[in-house]
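In case you want the letters, here they are:
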Amino acid sequence: MVNSITIKLAIVKNDSLSYLKLDISESFYIKYNMQFTLAMEYSRLVKQLYHSINYQNEEIRFEIIYSKRRTFGIKVSGDGSVIARSPNNVDETEVITFVKNHSKWILKQRRLLIESRSDKVFTQSYEQGQLHRYLGNEYILKVSFSKRRGVNLFEKSLIVKTPKPDESKDVERTLRAFYKAQAQQILPQMIEKSWSKFKHFNLDPPEYKYRFLKRKWGTCRIDGLITLNLELMKEDMDCIEYVIIHEMCHLLVPNHSKKFYDLMDTMLENHRDIEDRLDKIII
Ligand SMILES: [Zn+2]
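The shown structure was predicted, so the numbers you read here are calculated from the model rather than taken from an experiment. (Residues numbered from 1 in each chain as written. Predicted model: local features only at pLDDT ≥ 70, side-chain atom pairs only at ≥ 80, totals over all residues.)

Chemist: An account of the packing of helix 5 (residues 168-195) against helix 6 (residues 237-249) is needed here, citing residue identities and associated values.
Modeler: Relative to each other, helix 5 and helix 6 sit at 55°, their axes nearing to 10 Å. Put simply, helix 5 runs oblique to helix 6. When you trace helix 5 past helix 6, the crossing you get is right-handed. Here Met190, Ile191, Ser194 and Trp195 of helix 5 lie close against helix 6, whose contacting residues are Ile240, Glu241, Ile244, Ile245 and Met248. Looking at the contact of helix 5 with helix 6, its residues break down into seven nonpolar, one polar and one charged. (Axes fitted to C-alpha atoms, helices over the stretch in contact; angles between N-to-C directions. Helix = DSSP H or I, 4+ residues; strand = E, 2+ residues; numbered from the N terminus. Parallel < 35°, antiparallel > 145°, perpendicular 65-115°, else oblique. Left-handed = near helix turned anticlockwise from the far one by under 90°. Contact = placed C-beta atoms within 7 Å. Nonpolar A, V, L, I, M, F, W, Y, C, P; charged D, E, K, R; others polar.)

This is the structure in structure tokens:
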């Protein structure tokens, strides 16, 4: 009898996780080293998980998600990943043909999304008079000299006081510290309110980190660490609540499958509208 070693492998793609169970025989493990074995198994499994087609020398790698729906659909995400959605019981080759027929469109979408993301998302100018947002409202940035650093909101102005008002890096740092301090005051209450919806699942409460992230509103790790993007402090409370609940739902469903959105439906009634709003800000 061959003893086998079972390893649970998590593949992270964007902020969704897929789990794969590997069974590696002990003899195989002894013969090769562990890293090599894992790398081989990984590439074999990724091939199973993703499909790949080529169009004009560009690879389009995509995942097929089957669900109770009547039509095909393709979603291109900002990170360039592609998901093909298909009704249940459709032959895989049919889905692949559908994706092939849309190759040109997919590449165009991918280029547009990647370009707009890399220039516009979460970048901001810190010159006087620029518009900056806080909790969904717009303010005009005013920078003034002060020995003590600080930020005040006054009517339509966001006033940054700093000993170095001419250095935009310094203004940025001061403003970021302000968003972080606000997050530390506001987010724990929002988290508590949102977590109450998850009480009956008897989950271990997650831990939270607040960070400035470049491309994501939040992430959820399988060991229960939720990271929230401090850029959220620029959005309104509905958006903040949406991201918190979205990440909490990942504790139960790690990917963005139908099961995930069914869960979101029960947690937040109007989540689709809010998601659209967040998307608009990202793209
Ligand atoms: Zn997610």
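Following the structure, the description resumes.
Chemist: Residue-level account of the sheet that holds strand 10 (residues 157-162), with values.
Modeler: Pairing in this open sheet of four strands is mixed, and the strands run 7-8-10-9 from one edge to the other. Of all strands in the sheet, those with a lone pairing partner are strand 7 (131-134) and strand 9 (150-154), marking the two edges. Adjacent strand axes in the sheet meet at a mean angle of 40°, parallel and antiparallel pairs treated alike. Bridge count for strand 9 against strand 10 is five bridges, and the pairing is antiparallel. Residue pairing for strand 10: Phe154 is matched across the bridge by Ser157. (Pairing = 2+ DSSP bridges.)

Chemist: Lay out the pairing of strand 4 (residues 58-67) in plain terms, naming residues and giving numbers.
Modeler: Looking at chain direction, strand 3 (residues 51-55) and strand 4 are connected through five bridges and run antiparallel. Residue pairing across strands places Asn54 opposite Glu59, the latter belonging to strand 4. Once strand 3 ends, the chain turns through two residues before running back antiparallel as strand 4, passing Gln56 with a positive phi of about 45°. As paired strands, strand 4 and strand 6 (residues 82-87) are joined by six bridges and run parallel to one another. Note on strand 6: the bridge partner recorded for Ile65 is Arg85.

Chemist: Break down the pairing of strand 13 (residues 225-229) for me, citing the residues and quoting the values.
Modeler: Note on strand geometry: in a regular strand, side chains alternate between the two faces of the sheet. Relative to strand 13, strand 11 (residues 207-211) is paired through five bridges, and the arrangement is parallel. In the strand pairing of strand 13, Tyr210 is matched with Leu228. By the bridge criterion, three bridges tie strand 12 (residues 218-220) to strand 13 in an arrangement that is antiparallel. Bridge pairing links Thr219 to Thr227 in strand 13. From the end of strand 12 to the start of strand 13, which pair antiparallel, there are four residues, and Gly224 there has a positive phi angle of about 90°.

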